[in-house]
Amino acid sequence: MRESEQDIIEKKRELSQYLFDKGALWSYRKNRRAILRDKELIVTSLSYLELEEMDMLFDIFPYEEVRQVWIENMVPNDQYYGILNKMLAYLFFGVKDYKKFKEEVCGKMD
């Protein structure tokens, strides 16, 4: 059974706060009640959470949504997320050949 909307909002708030406390959101004004937008929360979580902390993200968002945000926002920016993208591809998103996957998703690689 899917959690209530209020439970999901509270988990988003907790994860946003965790990322603030971790220093991942250093450029944001700290606000204890603030919640990042979904896309921002997913990208920041994928970028800064440790592997064993990723369950916090997948407790909030469905796998398909996280994967889609990764594909749309991180895979095209391989100059910035290169090694991280490869790790996420192999460990979380079931990609066997990252280079081929990136070419299919983004076109010819640089």
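Check the entry above for the structure.
Everything numeric here is computed off the predicted structure, so don't read it as measured data. (Residues numbered from 1 in each chain as written. Predicted model: local features only at pLDDT ≥ 70, side-chain atom pairs only at ≥ 80, totals over all residues. Heavy atoms only, no water.)

### What about the environment of Ala-24?
Note the cut-off: Secondary structure elements follow DSSP: runs of H or I of four or more residues count as helices, runs of E of two or more count as strands, with numbering from the N terminus. Burial classes follow relative accessibility: with a 1.4 Å probe on protein chains only, a residue under 20% of its type's maximum area counts as buried, one over 50% as exposed, and anything between as partly exposed. Here, two residues are considered to be in contact whenever any of their heavy atoms come within 4.5 Å of each other.
Assignment of secondary structure puts Ala-24 in the loop between α1 (5–22) and α2 (38–48). When its relative accessible area of 10% is taken as the criterion, Ala-24 is described as buried. Look past the residues within four positions of Ala-24 in its chain and what remains in contact with it is Leu-19, Thr-44 and Tyr-48.

### Section: the nonpolar core
We apply this condition: Buried Ala, Val, Leu, Ile, Met, Phe, Trp, Tyr and Cys residues that are joined via side-chain atoms within 4.5 Å together make up what is termed a nonpolar core.
Of all hydrophobic cores here, the largest spans 30 residues; its most connected members are Leu-46, Leu-57, Trp-70, Met-74 and Leu-88. For this core, the secondary-structure elements that each account for two or more residues are α1, α2, α3 (55–60), α4 (63–73), α5 (78–91) and α6 (98–106). Apart from residues no more than four positions distant in its own chain, Met-74 is found in contact with Val-43, Leu-46, Ser-47, Val-69, Tyr-81, Leu-84, Asn-85 and Leu-88.

### Quick word on α1
Quick note on the threshold: Between the first and last residue of a helix there are one fewer steps than residues, each counted as 1.5 Å, and that sum is the expected span.
Look at α1: 26 Å from first C-alpha to last across 18 residues, which is about the 26 Å you get at 1.5 Å a residue. All buried positions along α1 are accounted for by Ile-8, Lys-12, Arg-13, Leu-15, Ser-16, Gln-17, Leu-19 and Phe-20. At its buried positions, α1 is contacted by α2 and α3. Gly-23 occupies a position one or two residues after α1 and carries a positive phi of about 90°.

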